[in-house]
Amino acid sequence: MNTSIIFKRFEAAEPGSGRPSKVDTTVYFPYDFENVYEGGESLCFSDMAFQRTLADKICNGVASKEMLERIAQDFSILHMLASLHSLDPFVFRSKAEQAGVSDEIHDSYFAISPKEWARIRKPIREKISRLVTKAVGGGNNEGDAQQEQIERFLKKIWQAKDVEGIEPFIKAMQIEPERAPDVFFAWKAVCYYQVRFDAILEDLKAFFQWVGDNTLCYPSDFATMAKEDEQRVQGLRDKLRDEIRGSYVTANTVLAEYEESYKQFVHQDRPQSFMGFLGNSDASYLALASHVSNAAHAISLWKLYLDRYGDSMPREQFMELFSGLTHLYGVKHVGEVKSWDTEAAE
């Protein structure tokens, strides 16, 4: 698995369908490990035949018993990755700690420094701590026993492994004990995306301004373009703007609802909304994983091209960036399909 590339594919639900968005985990195996851009094959982890197909690809035929055992060892990690809605380093490391396998994974795969981990972890723990203190009745003058109880609750929620010793909190929050670890992990993920969203907000505003500028978000040498190419870019640009705007609104709405429910509990002694949030925390996590991660990737790509070529680019460089952005946001022209959408292509 060290030579494979793992990524997430989001499929937004159709408006009014009542169905949730979907996220799949795909494993890409390059033909040339030294140059992954030379092509390869992708397998969807949710495919029932994934393990057998993987063995066939690796062995180019019937897999030996030893190979099957090695593949089985990778499956515990793959199942963990598939349970995530995104591969953000903080969320990935948190899940590895929850699963008790973080020591088995090289630090390079987490792609997050101890300093960055501590920086993100601090505001999340503080936020959870304030709510736990409120839930167990702590005030400014709580005794040592109560402080120990708060710290125990906080540790259990942060680790998201079991509920032993915090049953009163679980009962008060009306969480089913068997669901509690997943609920707590999703809550922590939502807190992470709140921190992440705040961190990229200024860059996101600048990105919006660039995409919304008809001159900058267009090839600087447009005079050499055919009329139908101009119309195609303009049409895609309009759709891209709609998708970016909708994505921002969705993420902002989820976070605003979470923050309001949190404030009602902590500051107004009204826990009902927050209890409702906890019951639906995985859906909030999924929405934020999609929209906040998408925005972060789009900003990184956009800033890379602006650093290299400036904010106004000729056609070749602009189309590279533009194609990447439309791909990220699932925008396509009439008659086109996404490169990974093989069913539509057929």
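Parameters and conventions
- Residues numbered from 1 in each chain as written.
- Predicted model: local features only at pLDDT ≥ 70, side-chain atom pairs only at ≥ 80, totals over all residues.
- Heavy atoms only, no water.
- Buried < 20%, exposed > 50% of the residue type's maximum accessible area, 1.4 Å probe, protein only.
- Helix = DSSP H or I, 4+ residues; strand = E, 2+ residues; numbered from the N terminus.
- Arc of directions from axis to C-beta.
- Contact = heavy atoms within 4.5 Å.
- Polar contact = N/O pair within 3.5 Å; in protein donor to acceptor, adjacent residues only side chain to side chain.
- Core = buried A, V, L, I, M, F, W, Y, C linked by side-chain atoms within 4.5 Å.
- pLDDT = per-residue confidence, 0-100.
- Axes fitted to C-alpha atoms, helices over the stretch in contact; angles between N-to-C directions.
- Parallel < 35°, antiparallel > 145°, perpendicular 65-115°, else oblique.
- Left-handed = near helix turned anticlockwise from the far one by under 90°.
- Nonpolar A, V, L, I, M, F, W, Y, C, P; charged D, E, K, R; others polar.
- Pairing = 2+ DSSP bridges.

Participant: How should I be thinking about helix α1 (residues 50-59) in this particular structure?
Facilitator: Three or four residues apart is the spacing at which side chains of an α-helix point the same way, because the helix has 3.6 residues per turn. When we look at burial in α1, the residues that qualify are Phe50, Leu54 and Ala55. Down the axis of α1, the sector holding all buried residues measures 130°, keeping them to one side. Lining the buried residues of α1 we find β2 (22-30), β3 (40-44) and α2 (65-82).

Participant: I keep staring at the environment of Asp242 and nothing clicks. Help me out?
Facilitator: Tracing the backbone through its elements, the reader meets Asp242 in helix α9 (residues 227-268). A relative accessible area of 48% places Asp242 in the partly exposed class.

Participant: Looking at this structure, I do not really get the environment of His85. What am I missing?
Facilitator: Looking at where His85 falls in the secondary structure, it is placed in the loop between α2 and α3 (89-99). The spatial distance from the C-alpha of His85 to the C-alpha of Phe10 is 8.8 Å, given a sequence separation of 75 residues. Setting aside its immediate chain neighbours within four residues, His85 contacts Lys8, Phe10, Val23, Asp282, Tyr285, Leu286 and Ala289. At 3.3 Å, the side chain of His85 and the side chain of Asp282 are in polar contact.

Participant: Please explain the nonpolar core as it appears in this structure.
Facilitator: Nonpolar side chains in soluble globular proteins tend to end up buried together. Counting residues in each nonpolar core, the largest one holds 85 residues, and the members touching the most others are Phe184, Trp187, Phe207, Trp210, Phe274 and Tyr285. Filtering out sequence-adjacent residues up to four positions away, Phe184 remains in contact with Ile157, Ala160, Ile166, Phe169, Ile170 and Ile175. Judged by nonpolar contacts, the second largest core, of eleven residues, contains Phe29, Leu43, Leu54 and Ile71.

Participant: Looking at this model, I keep getting lost on the confidence of the model for the chain. Mind explaining?
Facilitator: It should be kept in mind that the predicted coordinates are not to be read in detail where pLDDT is low. Looking at the chain as a whole, the pLDDT averages 85, with 90% of positions reaching at least 70. Looking at the elements of the chain, mean pLDDT is at its lowest for helix α13 (residues 342-345), recorded as 38, and at its highest for helix α8 (residues 180-211), recorded as 95.

Participant: How should I be thinking about the packing of helix α5 (residues 114-135) against α8 in this particular structure?
Facilitator: When two helices pack together, their arrangement is given by the angle between the helix axes and by the axis-to-axis distance. Two elements in contact, α5 and α8, have axes whose closest approach is 9 Å; the angle formed by their N-to-C orientations is 125°. With respect to α8, the axis of α5 lies oblique. Of the two possible hands of crossing, α5 and α8 adopt the one that is right-handed. Note on element contacts: α8 touches α5 through Trp187, Lys188, Cys191, Tyr192, Gln194 and Val195, opposite Ile120, Pro123, Ile124, Lys127, Ile128 and Leu131. In terms of residue class, the contact of α5 with α8 is made up of nine nonpolar, one polar and two charged.

Participant: Honestly, the sheet that holds β3 in this entry has me stumped. Any pointers?
Facilitator: If you trace the three strands from one edge of the open sheet to the other, you get β1-β2-β3, paired in antiparallel fashion. Of all strands in the sheet, those bounded by a partner on one side alone are β1 (5-11) and β3. With strand direction ignored, the average angle separating the axes of adjacent strands in the sheet is 30°. For β2 and β3, the ladder comprises five bridges, and the chain directions are antiparallel. Looking at β3, one finds that Pro30 is bridged to Gly40.

Participant: Got a minute to help me understand unusual backbone geometry in this structure?
Facilitator: In most cases, non-glycine residues show a negative phi, while peptide bonds are predominantly trans. At Ala160, a residue that is not glycine, the phi angle is positive and equals roughly 55°. Its location among the elements puts Ala160 in the loop between α6 (144-159) and α7 (167-172). Overall, the relative accessible area of 2% leaves Ala160 in the buried class. The backbone of Gln174 shows a phi angle near 55°, a positive value even though the residue is not glycine. By the element assignment, Gln174 lies in the loop between α7 and α8. Of the residues examined, Gln174 reaches a relative accessible area of 66% and is grouped as exposed.

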